[in-house]
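Understanding the architecture of this molecule
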Amino acid sequence: IGNLPVFPYNVRPPVLARPVHAATLMRSAIQAGGIPARQSRPTLHVPQRHRDQARTLAAQHGLLKGRYAVLLPGCQAAGYLKRWGAERYAALAIALKQRGLIDHAVIVGAKDEMEECTAIAAICGDWATNLCGQTHLLDLIPLCEDARLIVANDTGTAHMASSTETPMLVLCGPTDPNRIKPLGSNVLALQAELPCMNCYCKHACDHHTCMKVLTPEIALQHLLPMLADQTGG
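Quick caveat, the model's predicted, so the values are computed rather than measured. (Residues numbered from 1 in each chain as written. Predicted model: local features only at pLDDT ≥ 70, side-chain atom pairs only at ≥ 80, totals over all residues. Heavy atoms only, no water.)

**Observations concerning the nonpolar core**
As a rule of thumb, nonpolar side chains are buried together in soluble globular proteins. Defined as follows: In plain words, nonpolar cores are sets of buried Ala, Val, Leu, Ile, Met, Phe, Trp, Tyr and Cys residues tied together by side-chain atoms within 4.5 Å. Relative accessibility decides the category of a residue: with a 1.4 Å probe and only protein chains considered, values under 20% of the type maximum give buried, values over 50% give exposed, and everything between is partly exposed. Numbered from the N terminus, helices here are DSSP runs of H or I no shorter than four residues, and strands are runs of E no shorter than two. Should any heavy atoms of two residues lie within 4.5 Å, those residues are considered in contact.
Residues L71 and L171 are the most contacted members of the largest nonpolar core, which totals 34 residues. When residues of this core are traced back to their parent elements, those giving at least two are β1 (68-72), α3 (86-98), β2 (104-107), α4 (114-124), β4 (149-153), β5 (168-172), α8 (209-212) and α9 (216-231). Among all residues touching L171, those that are not within four sequence positions of it are K82, W84, Y89, V151, A152, N153, D154, L190, M211, L214 and A219. Ranked by size, the runner-up nonpolar core spans 27 residues in total, among them A54, Y68, M160 and A161.

**A word on the packing of α3 against α4**
Rules: Axis lines are fitted to C-alpha atoms, over the contacting stretch for helices. Their N-to-C directions set the angle, which ranges from 0 to 180 degrees. Each angle receives one of four descriptions, namely roughly parallel if under 35 degrees, roughly antiparallel if over 145, roughly perpendicular if within 65 to 115, and oblique otherwise. Here a crossing is taken to be left-handed if its near helix is turned anticlockwise relative to the far helix by less than a right angle, and right-handed if that turn runs clockwise.
With their axes 9 Å apart at the nearest point, α3 and α4 run at an angle of 40° to one another. Taken as axis vectors, α3 and α4 run oblique relative to one another. The way α3 lies across α4 gives a crossing that is right-handed. For the pair α3 and α4, contact is made by A86, E87, Y89, A90, A93 and I94 and by E116, A119, I120, I123 and C124, respectively.

**Section: the sheet that holds strand β6 (residues 187-191)**
This is how the line gets drawn: A pair of strands is considered paired only if DSSP assigns at least 2 bridges between the two.
Taken together, the 6 strands give an open sheet; going across it, the order is β3-β2-β1-β4-β5-β6, and neighbouring strands pair in parallel fashion. Each edge of the sheet is formed by a strand with only one pairing partner; in this case those strands are β3 (128-130) and β6. This sheet shows a mean twist of 20° between the axes of neighbouring strands, independent of strand direction. Relative to β6, β5 runs parallel, the two sharing 5 bridges. Across the sheet, L171 pairs through a bridge with L190, a residue of β6. Contacting β1, β2, β4 and β5, α3 crosses the sheet at an angle of about 170° to β4.

**Description of the pattern of salt bridges**
Here is the rule: Just to be clear on terms, a salt bridge is a Lys or Arg side-chain nitrogen sitting within 4 Å of an Asp or Glu carboxyl oxygen.
Counting across every chain of the model gives 4 salt bridges. A salt bridge links R67 to D103, with the shortest nitrogen-to-oxygen separation between them at 3.0 Å. Of this pair, R67 sits in the loop between α2 (48-61) and β1 while D103 is found in the loop between α3 and β2, placing the two residues 36 residues apart along the sequence.

Any link to function would need more than the numbers given here.
Here it is, written out as structure tokens:
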């Protein structure tokens, strides 16, 4: 079974219109082999030690279920143009707190995202919990399960977080949300309509307009209906 009509694949899906999401391609391929594909989001087994670690971190930082936002502001260093920016993340977190929607912002990232995470925490103040470099990948899932919301760039941890049902806003700049949006009906991908959209630039862009026009105010406008649906209000 394979995605492409080339040797050695003799079971393959029909040709799909492009752009197409990677998950759609994979589902189509296994369905062509007679295997049902019913999951609407990733299903990951989380060992108990990671749930215990998430519970410990929440207790240490006073994080209450449903009262914090998880921010995933990084991405691989080579794709830094996919980052929304520390000031915008901080401004959005502050707006959410001022509206009484969250008590804490929890910032998660890897060691090469430390500068970005530290900058957000510094702007927000002591109600921001910077866990950058302090978590294992599977700690993220129970942390996200108990969060009020998630805001992320196009980054691998966003796809892990989509294994939860927590509302998530993904901010897309140079990459096409039709191809990269994390799975789940609770996930909204936001992208500005620009002539240069979906350019997939890595180092050639000198204006970064695609991220600059996605202001914290616009992000908040899209988050509020998602949170209202969450509470039924």
